[in-house]
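Next come the chains, spelled out residue by residue.
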Amino acid sequence: MRESDFEKGPGTALALVLVALFIPGPRAEAYPIPPETLWSLTQQAEWVVWADVHEVLSLPANERALAQKEDRASGDFARLVVREVWKGNARQGELLEVHWRPMICPAPPRYEKGLAVVAFLKRRAGKWRTVAMSYGTRYPASNDDADAYRRAVTLARDAQERGVDGSGDLDAARVDWHVRVSDHPMTRWDGLYGLVPDGDSARSFYDGRDRTPLALTGAQLELLARGFVERPPLDRALPMMLMALRGHVDANVDLMAARAIETVLTLDGLPDWLPHAFELLRERQGDEKLAPRKALTQDERMERVSLDARPGSSTARKSFTRDWTRFKKRHQLTPALLPLPVEPPVPGTGGDSPL
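Residues numbered from 1 in each chain as written. Predicted model: local features only at pLDDT ≥ 70, side-chain atom pairs only at ≥ 80, totals over all residues. Heavy atoms only, no water.

Visitor: Go over the environment of Arg209, please, and point to the residues and values.
Guide: Checked against the element boundaries, Arg209 lands in the loop between α7 (201-204) and α8 (218-230). Residue class for Arg209 comes out partly exposed when judged on its relative accessible area of 37%. For the pair formed by Arg209 and Pro34, sequence separation is 175 residues and the distance between their alpha carbons is 8.2 Å. Polar contacts involving the side chain of Arg209 include one to the side chain of Glu36, which spans 3.1 Å. There is a polar contact of 2.8 Å between the side chain of Arg209 and the side chain of Asp207. (Helix = DSSP H or I, 4+ residues; strand = E, 2+ residues; numbered from the N terminus. Buried < 20%, exposed > 50% of the residue type's maximum accessible area, 1.4 Å probe, protein only. Polar contact = N/O pair within 3.5 Å; in protein donor to acceptor, adjacent residues only side chain to side chain.)

Visitor: Provide a residue-level description of the environment of Val49, including the pertinent values.
Guide: Following the sequence through the fold, Val49 ends up in strand β1 (residues 47-58). Considering only alpha carbons, one finds Val49 and Arg150, 101 residues apart in sequence, at a separation of 9.6 Å. Discounting chain neighbours no more than four positions away, the residues touching Val49 are Val82, Glu84, Ala90, Leu96, Val117, Val118, Ala119 and Leu121. (Contact = heavy atoms within 4.5 Å.)

Visitor: With reference to specific residues and values, describe the packing of helix α5 (residues 170-181) against helix α6 (residues 188-195).
Guide: Viewed as axis vectors pointing N to C, α5 and α6 meet at an angle of 140°, and their least axial separation amounts to 7 Å. When the axis of α5 is compared with that of α6, the two are oblique. Between α5 and α6 lies a crossing whose hand is left-handed. Contact residues: α5 offers Arg174, Val175, Trp177, His178, Val179 and Val181, while α6 offers Arg188, Asp190, Gly191, Gly194 and Leu195. Its residues assigned to classes, the contact of α5 with α6 comprises five nonpolar, three polar and three charged. (Axes fitted to C-alpha atoms, helices over the stretch in contact; angles between N-to-C directions. Parallel < 35°, antiparallel > 145°, perpendicular 65-115°, else oblique. Left-handed = near helix turned anticlockwise from the far one by under 90°. Nonpolar A, V, L, I, M, F, W, Y, C, P; charged D, E, K, R; others polar.)

Visitor: How would you sum up the nonpolar core? Please name residues and give values.
Guide: Inside soluble globular proteins, nonpolar side chains tend to come together where they are buried. Counting residues in hydrophobic clusters, the biggest one holds 59 residues, and the most contacted among them are Phe120, Ile261 and Trp324. Excluding residues that lie within four positions of it along the chain, Ile261 makes contacts with Leu238, Leu274, Ala277, Phe278, Leu281, Phe320 and Trp324. Counting residues in each nonpolar core, the second largest holds 18 residues, with Ala51, Val98, Trp100 and Trp128 among its members. (Core = buried A, V, L, I, M, F, W, Y, C linked by side-chain atoms within 4.5 Å.)

Visitor: Tell me what's going on with helix α11 (residues 274-284), and back it up with residues and numbers.
Guide: Among the eleven residues in α11, eight count as buried, and that is most of the element. Taken as a whole, α11 has its buried residues at Leu274, His276, Ala277, Phe278, Leu280, Leu281, Glu283 and Arg284. Within two residues after α11, Gly286 carries a phi angle of roughly 80°, on the positive side.

Visitor: So, the side chain of His248: which residues are in play, and what are the values?
Guide: Mapped onto the elements, His248 comes out in the loop between α9 (237-244) and α10 (251-264). Overall, the relative accessible area of 12% leaves His248 in the buried class. Look past the residues within four positions of His248 in its chain and what remains in contact with it is Leu221, Glu222, Ala225 and Arg284.

Visitor: How would you summarise the pairing of β1 if you had to cite specific residues and measurements?
Guide: Note that β1 and strand β4 (residues 116-124) share six bridges and pair antiparallel. Within β4, the residue paired with Ala51 across the bridge is Val117. Note that β1 and strand β2 (residues 76-87) share ten bridges and pair antiparallel. Looking at β2, one finds that Val56 is bridged to Ala78. (Pairing = 2+ DSSP bridges.)

This is a description of form; function is not addressed.
Here is the structure:
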């Protein structure tokens, strides 16, 4: 469901959800899909390519109707020219057609003409599809970003191949992978979601899969802390990282968390994840212990659906700012602002997928 749908008000949003849930047809097309990380995307994909989006087209109405009779996941398609192959046997320069059905919910893959995309692809009904829709298209903003994606996919692919042939411990390799890719801003959400999915409460809300808590070694916690201090997150990865580092004492982590919160408050709105990050920082400073978050009732779940993705109200921002000012005074903090990151060329993909 797109964030713009909620601008019409919670009543309209709730009505859209209820209609989508109860009209005939597959429910998978009426509800956000469970989040998928680069690890699971690589595992599911037949091919992973970094490619230039040559053009994006829609089938004419008559062809669209015919295609959707044969395969409902059709309608729009993109032509990609392969730059690099990170999994599979595609060739450099090869032209690929990737098909999908345009819809609102779940969010479809994003293919933007003239840009280079990392695409996770699988073959179905004779056509290439994108694994996990919007989670399966990523857009590096620089060569450094592309290196981070290449590294994450290659490490995952190699570990998964060793696990299949029995030459490696796949569970241990997966945990190590999640820690290692959490050091780079482009792949940080993918790393952290596998470690602390509840840190991204907006997306884990739609993830009903059983998740076994992962225990990290001291060395792994140190690696996470070092990556946090070197490049502190200014997005929903902030509470995720603080959850992963819960109980790990590090004054530099505390300082960078305070600087991150101070910086985010210079931007418009109040992100839904910022109060949780503040709670976790307060806990690290000994202000209070956080009460365990209880499971939502069915009524609370429906209310949550109606409120998802709405911007924070001015009242909520004023209340948060007041509490934050008191916290800084109490702990004698004057956190300096952090530089703002470069905005991604295409929003709404990966860990930023709309709900």
